[in-house]
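Structural characterization, general
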Amino acid sequence: MYVRRSLRKKMYLVGGLLLLVIILGSLTLLITSRYVTVQPVNGNSALVFAEDPLSVHEYIKVKIGISPGKIYLVDGCTGLVMTTSSSKTYSIQRALEHTLDIRPDVFDVVYDAFTHYQVEPVLVKIYQLEQGTYYAQLVVKRESEYVGLDAKPSDALAVASRFSVPLYVRDDLMKAQGQQVC
């Protein structure tokens, strides 16, 4: 009887250790993933899951429209209207029309730098409105690595318009802030 108990305890110990190894291995895999980081939260460490930069789940594809000082991101007859400087909308308009000005602006220089260093913009996502300010992410690719860059929407759109990349707006943001445009 004592032998069975001793064997049973050893089996529980081995099973527990195996479970611990599996859990630690899974956590190590998660932490080394490019979408999970360990960050301090309230004085403790916490796993923070980042959105896959290429995911467009819960986003809708939009088209861009421009008027002086305004950018329209349109899906059907609903559009997100953003206010920006006339010089920014002029720059985006030139890019959409594939025309050059006498002198390059900063977004033309970014285009040249991205092209030279083989950085390829992939998409733009407008994902948040907080206190009247929209937030965007410009997703770029270099070799096989994708990176989501935090950017002002107007800057992300100015770069994206030079590369003809798709534009996305978070679905709930379009529903909450979208206006009838036709």
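What you are looking at is a predicted structure, and each value in this text was computed from that prediction instead of being measured.

So, about the pairing of strand E7 (residues 133–142). As defined by bridge partners, strand E6 (residues 119–130) adjoins E7 across 10 bridges and the pair is classed as antiparallel. Residue Lys125 lies in a different strand from E7, and its bridge partner there is Gln137. Connecting E6 to the next strand, E7, in antiparallel fashion are two residues, including Gln131 with a positive phi near 50°. Looking at chain direction, E7 and strand E8 (residues 145–151) are connected through seven bridges and run antiparallel. By the bridge assignment, Ala136 is partnered in E8 with Ala151. Taking the residues between adjacent antiparallel strands as the criterion, E7 and E8 are bridged by two residues, where Glu143 takes a positive phi near 60°.

Time to look at the pattern of salt bridges. Scanning the entire structure with this criterion turns up nine salt bridges. When the shortest N-O distance is used, the salt bridge between Glu143 and Arg142 registers 4.0 Å. A salt bridge links Asp171 to Lys175; the shortest N-O distance between them is 3.1 Å. Of this pair, Asp171 and Lys175 both sit in helix H5 (residues 171–177), four residues apart, which is roughly one turn of that helix. By relative accessible area, Lys175 is classed as exposed at 65%. One salt-bridge network, in which partners are shared between bridges, spans Arg94, Asp105, Asp108 and Arg162.

Basis of the calculations
- Residues numbered from 1 in each chain as written.
- Predicted model: local features only at pLDDT ≥ 70, side-chain atom pairs only at ≥ 80, totals over all residues.
- Heavy atoms only, no water.
- Pairing = 2+ DSSP bridges.
- Helix = DSSP H or I, 4+ residues; strand = E, 2+ residues; numbered from the N terminus.
- Salt bridge = Lys/Arg side-chain N within 4 Å of Asp/Glu carboxyl O.
- Buried < 20%, exposed > 50% of the residue type's maximum accessible area, 1.4 Å probe, protein only.

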